[in-house]
Amino acid sequence: MNKLLNYFRYNLYSVQNKIFSSRTATTIVLLLLCNFIFAIPVLNFASDVGYKINIAILPFFLNSLNYMCAFVPIVIYYFSGVPFLQYSEMYCIIREGKNKWVIKHILHIIFMSFVFMFLLEIISIIPFLINGDFSNQWNEVVMTLSLTDKWIEYGTIEFVFGIIEKYTPYGAMLTIYFLVSLIISFLGVFMFTVSLLFSRIVAMCTGFLFEILVITAFNMRNY
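Residues numbered from 1 in each chain as written. Predicted model: local features only at pLDDT ≥ 70, side-chain atom pairs only at ≥ 80, totals over all residues. Heavy atoms only, no water.

**Focus on the overall build of the protein**
Secondary structure assignment for the protein yields eleven helices and two strands. Start at the N end of the protein and walk to the C end: the helices and strands fall as α-α-β-α-α-α-α-β-α-α-α-α-α. Summing over all exposed atoms, the protein offers an accessible surface of approximately 12500 Å²; the carbon and sulfur share of this is 69%. (Helix = DSSP H or I, 4+ residues; strand = E, 2+ residues; numbered from the N terminus. Areas by Shrake-Rupley, 256 points an atom, 1.4 Å probe, with all protein chains shown as cover.)

**Section: the packing of aromatic side chains**
Applying the stated criterion to the full structure yields 14 aromatic pairs. A ring pair is formed by Phe45 and Tyr154, whose centres lie 5.0 Å apart and whose planes are at 75°; its orientation type is edge-to-face. Here Phe45 is found in helix α2 (residues 22-49), whereas its partner Tyr154 is found in helix α8 (residues 150-154), with 109 residues between them in sequence. A relative accessible area of 3% means that Phe45 is categorised as buried. Their ring planes at 75° and their centres at 5.1 Å tell us that Tyr78 and Phe79 sit as a pair that is edge-to-face. Tyr78 sits in the buried class, given a relative accessible area of 7%. (Phe/Tyr/Trp six-rings, centres within 6.5 Å; stacked < 30°, edge-to-face > 60°. Buried < 20%, exposed > 50% of the residue type's maximum accessible area, 1.4 Å probe, protein only.)

**Quick notes on the packing of helix α4 (residues 65-79) against helix α10 (residues 169-197)**
At their nearest, the axes of α4 and α10 sit 10 Å apart, and the two run at 50° to each other. The angle between α4 and α10 falls in the class oblique. Where α4 crosses over α10, the two elements pack in a sense that is right-handed. Note on element contacts: α10 touches α4 through Val180, Ile184, Leu187, Gly188 and Met191, opposite Phe71, Val75, Ile76 and Phe79. Taken together, the residues of the contact of α4 with α10 break down into eight nonpolar, one polar and no charged. (Axes fitted to C-alpha atoms, helices over the stretch in contact; angles between N-to-C directions. Parallel < 35°, antiparallel > 145°, perpendicular 65-115°, else oblique. Left-handed = near helix turned anticlockwise from the far one by under 90°. Contact = heavy atoms within 4.5 Å. Nonpolar A, V, L, I, M, F, W, Y, C, P; charged D, E, K, R; others polar.)

**A closer look at a nonpolar patch on the surface**
Taken together, the side chains of Phe36, Phe118, Ile122, Ile126, Leu129, Phe134 and Tyr170 make up a nonpolar region of the molecular surface, amounting to roughly 630 Å² of accessible area. Mapped onto the elements of the fold, Ile122 is located in helix α6 (residues 98-125). (Patch = residues over 30% accessible without salt bridge, like charges linked within 9 Å, V, L, I, M, F, W, Y side chains within 5 Å. Salt bridge = Lys/Arg side-chain N within 4 Å of Asp/Glu carboxyl O.)

Purely geometric numbers; function is a separate question.
And the structure:
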């Protein structure tokens, strides 16, 4: 019983170290910068028309190729700290056994993916707090940008009407939370697996290969 309790405490301590780390702090700064850059044109339009803006804009951001080109490298950076069989990990492998060690880190990666998306959703709201619409209905700003070419004039991301048609603001945020968390988990576990089979450099390269595939998929949507 004491052994199991100690193992649980060790894993809890390990997760806490990952959450409250300099890498997480840097990731938060990068996400803030990224989201503010993409939010400014939307805020400019909302200011010009004199309406508030829905705070749940993240689903439209994640549907933008330009945003994804900035977002995916941040995800890769976030997971670049996964264990790459450093010398400090060798003792853990001997102590826990290889299978338990691998399962533990996969579970950590999945958990941290959901933490990452939680941070992203909170951070995406911050630029719109001052002039934000907290209702669960799409307002005039979003509807105008989705139904007219004003998004081109103001240089905002494209507001796809399909999202408005299928989801409420909070429903869209909840959907992308789980969907993108699973995608990020896959990327994190994939990088972890590659790092075990090859090296850290190869794992990073496969991460950027994932970004190339995302860009290709976006381009293929237009045909």
